[in-house]
Amino acid sequence: MLSFLKIRAIVNGRQIYPLSNTKPVVIPVSENNPKVVITDGYHFTRPMKLKYNELPVYCFNVVCAISDKQLLGVVGLLAGLYLSGFFTGLLVLKVLSFLPLLYLVLFYYLNRKEFIKLVPVLN
């Protein structure tokens, strides 16, 4: 899901850095204890305060509650069930085609508070 969203990092509420899906982004920080927030414009992570007296560099991954594989699987299952129902004329298959979409919506609402997460990379 992250490949479809424009993810940005906000440092100390002032500096905004666009994040890439394919390359790591280095964010220089001039002061100690910066607060980092990750957003897509609608969802926000909790502010994470970094302490540079412990480590000189922090590495993080930005992850989403709904992965790209889950999204692709749900869309494929929905299309497969609906097309099967369309060509066979069975109403049951057409109705069942909405179950993957219902699963995705329920999964989103259950994980709405942590839709985007900032996960530390352990070296």
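Scroll up to find the structure this text is about.
What counts and what doesn't
Residues numbered from 1 in each chain as written. Predicted model: local features only at pLDDT ≥ 70, side-chain atom pairs only at ≥ 80, totals over all residues. Heavy atoms only, no water. Helix = DSSP H or I, 4+ residues; strand = E, 2+ residues; numbered from the N terminus. Expected span 1.5 Å × (residues − 1). Buried < 20%, exposed > 50% of the residue type's maximum accessible area, 1.4 Å probe, protein only. Arc of directions from axis to C-beta. Phe/Tyr/Trp six-rings, centres within 6.5 Å; stacked < 30°, edge-to-face > 60°. Axes fitted to C-alpha atoms, helices over the stretch in contact; angles between N-to-C directions. Parallel < 35°, antiparallel > 145°, perpendicular 65-115°, else oblique. Contact = heavy atoms within 4.5 Å. Nonpolar A, V, L, I, M, F, W, Y, C, P; charged D, E, K, R; others polar. Core = buried A, V, L, I, M, F, W, Y, C linked by side-chain atoms within 4.5 Å.

Help me understand helix 3 (residues 99-110), please; the structure alone is not making it clear to me.
What sets the pattern is the α-helix's 3.6 residues per turn: residues three or four places apart point alike. Counted at 1.5 Å a residue, the expected span for helix 3 with its 12 residues is 16 Å, and the 16 Å between its end C-alpha atoms agrees. All of the buried residues in helix 3 are Pro-100, Leu-104 and Tyr-108. The arc that holds the buried residues of helix 3, viewed along the axis, is 75°, so those residues lie on one side.

Looking at this structure, how should I read the packing of aromatic side chains?
Geometrically, a pair of aromatic rings is defined through the distance of the ring centres and the angle of the planes. One pass over the structure, following the stated rule, counts six aromatic pairs. Seen from their ring centres, Phe-86 and Phe-87 are 5.5 Å apart, and the 70° between their planes marks the pair as edge-to-face. Judged by relative accessible area, Phe-87 falls into the exposed class, the value being 66%. On the numbers, 5.0 Å between centres and 70° between planes, the contact of Tyr-108 with Tyr-109 is edge-to-face. Of the aromatic side chains, those joined through ring pairs into one cluster are Tyr-82, Phe-86 and Phe-87.

Can you help me understand the packing of helix 1 (residues 68-88) against helix 3 in this one?
Any two packed helices are characterised by how steeply their axes cross, that is the angle between the axes, and by the distance between the axes. Interaxial distance between helix 1 and helix 3 falls to 8 Å at its minimum, and their mutual angle equals 150°. In terms of axis orientation, helix 1 runs roughly antiparallel to helix 3. Residues Gln-70, Leu-71, Val-74, Leu-77 and Leu-78 of helix 1 touch helix 3, and the partners they reach there are Pro-100, Leu-101, Tyr-103, Leu-104 and Phe-107. Tallied by class, the residues present in the contact of helix 1 with helix 3 amount to nine nonpolar, one polar and no charged.

Can you help me understand the nonpolar core in this one?
Note on soluble globular proteins: their nonpolar side chains tend to be buried together. The biggest cluster of nonpolar side chains holds 16 residues, and the ones touching the most others in it are Val-36, Ile-38, Ile-66, Leu-104, Phe-115 and Ile-116. Of all the secondary-structure elements, those providing two or more residues to this core are strand 1 (8-11), strand 3 (35-39), helix 1, helix 3 and strand 6 (116-120).

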